[in-house]
Amino acid sequence: MIRFTIPIVPKAQARTKAGINKYTGRVQVFTPKAQRRNENDLIALMSPYAPEKPLQGPLKLSVQVGIGIPKSWSRKKKAEALAGRTWPTSRPDLDNYLKQICDRMTTLRFWSDDSNVVSITATKIYSEKPCWQVSLDYLKKSTEG
């Protein structure tokens, strides 16, 4: 099992942008600078946890996205959020966070192919210290017939 915490503010995968190249006049697709910076930060912080050889076979991925609590909230509302009675239902969407982390894990060769990930559990919660918590393990076969 591989388990780690990434102590940075989670950011969702940004969409690629399109624009016209002023030199060629052609449409060009590019990744925004902020997205590239975020990718590089994640890669740097995750690389110590990457296996020597990519994992193969059915894998189970679990991701917990800890979102910062808005500073404008009252103490009571913050306490409710930390106790798990209030959930972060605002944007960005959980699947965009998941795409961000999965793409970086693919880049770092945590698995031989992302089709090896057959089970995903993802949760977006409020946290005093925003971070990513990730675990990756082989999916055990069911003993039930």
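Peer 1: Before we go on, may I ask you to explain the packing of helix H1 (residues 33–46) against helix H3 (residues 94–107) in this structure?
Peer 2: For the pair H1 and H3, the least separation of the axes is 10 Å and the interaxial angle reads 60°. Relative to H3, H1 is oriented oblique. Seen along the crossing, H1 lies across H3 with a hand that is right-handed. Between H1 and H3, the residues in contact are Gln35, Asn38, Glu39, Leu42, Ile43 and Met46 and Gln100, Ile101, Arg104, Met105 and Thr107, respectively. Split into classes, the residues belonging to the contact of H1 with H3 amount to five nonpolar, four polar and two charged.

Peer 1: Hey, could you run me through the side chain of Asn21 in this one?
Peer 2: Summarising the element assignment, Asn21 is placed in the loop between strand E2 (17–20) and strand E3 (27–30). Of the polar contacts made by the side chain of Asn21, one reaches the backbone nitrogen of Tyr23; its length is 2.7 Å. Separated by 3.2 Å, the side chain of Asn21 and the backbone nitrogen of Thr24 make a polar contact. If sequence neighbours within four positions are ignored, Asn21 has contacts with Arg26 and Gln28.

Peer 1: What's the story with the pairing of strand E6 (residues 131–138) in this structure? I'm lost.
Peer 2: Within a regular strand, side chains alternate between the sheet's two faces. Of all eight residues in E6, six are buried, a share of seventy percent or more. Bridging between strand E1 (residues 2–6) and E6 involves five bridges; their strand directions are antiparallel. Pairing of Arg3 across the sheet is with Ser135, part of E6. Of the strand pairs in this sheet, strand E4 (residues 59–68) and E6 are connected by eight bridges, and their pairing is antiparallel. Looking at the pairing, Leu61 lines up with Leu136 of E6.

Peer 1: Would you take a moment to explain the environment of Val117 for this structure?
Peer 2: Counting through the fold element by element, Val117 comes out in strand E5 (residues 117–127). With residues near it in sequence (within four places) discarded, Val117 still touches Leu59, Leu61 and Trp111.

Peer 1: Before we go on, may I ask you to explain a positive patch on the surface in this structure?
Peer 2: Judged by side-chain charge, Lys11, Lys33, Arg36 and Arg37 come together as a positively charged surface patch. Note that Arg36 resides in helix H1.

Peer 1: Just to check I follow, could you spell out the environment of Pro88 for this structure?
Peer 2: Of note, Pro88 is situated in the loop between helix H2 (75–82) and H3. Every residue in contact with Pro88, bar those within four places of it in the chain, is listed here: Ile67, Lys124, Ile125 and Tyr126.

Scoring rules and cut-offs
- Residues numbered from 1 in each chain as written.
- Predicted model: local features only at pLDDT ≥ 70, side-chain atom pairs only at ≥ 80, totals over all residues.
- Heavy atoms only, no water.
- Axes fitted to C-alpha atoms, helices over the stretch in contact; angles between N-to-C directions.
- Helix = DSSP H or I, 4+ residues; strand = E, 2+ residues; numbered from the N terminus.
- Parallel < 35°, antiparallel > 145°, perpendicular 65-115°, else oblique.
- Left-handed = near helix turned anticlockwise from the far one by under 90°.
- Contact = heavy atoms within 4.5 Å.
- Nonpolar A, V, L, I, M, F, W, Y, C, P; charged D, E, K, R; others polar.
- Polar contact = N/O pair within 3.5 Å; in protein donor to acceptor, adjacent residues only side chain to side chain.
- Buried < 20%, exposed > 50% of the residue type's maximum accessible area, 1.4 Å probe, protein only.
- Pairing = 2+ DSSP bridges.
- Patch = residues over 30% accessible without salt bridge, like charges linked within 9 Å, V, L, I, M, F, W, Y side chains within 5 Å.
- Areas by Shrake-Rupley, 256 points an atom, 1.4 Å probe, with all protein chains shown as cover.
- Salt bridge = Lys/Arg side-chain N within 4 Å of Asp/Glu carboxyl O.
- Lys, Arg positive; Asp, Glu negative; His and termini not counted.
- Charge placed at Lys NZ, Arg CZ, Asp CG, Glu CD.

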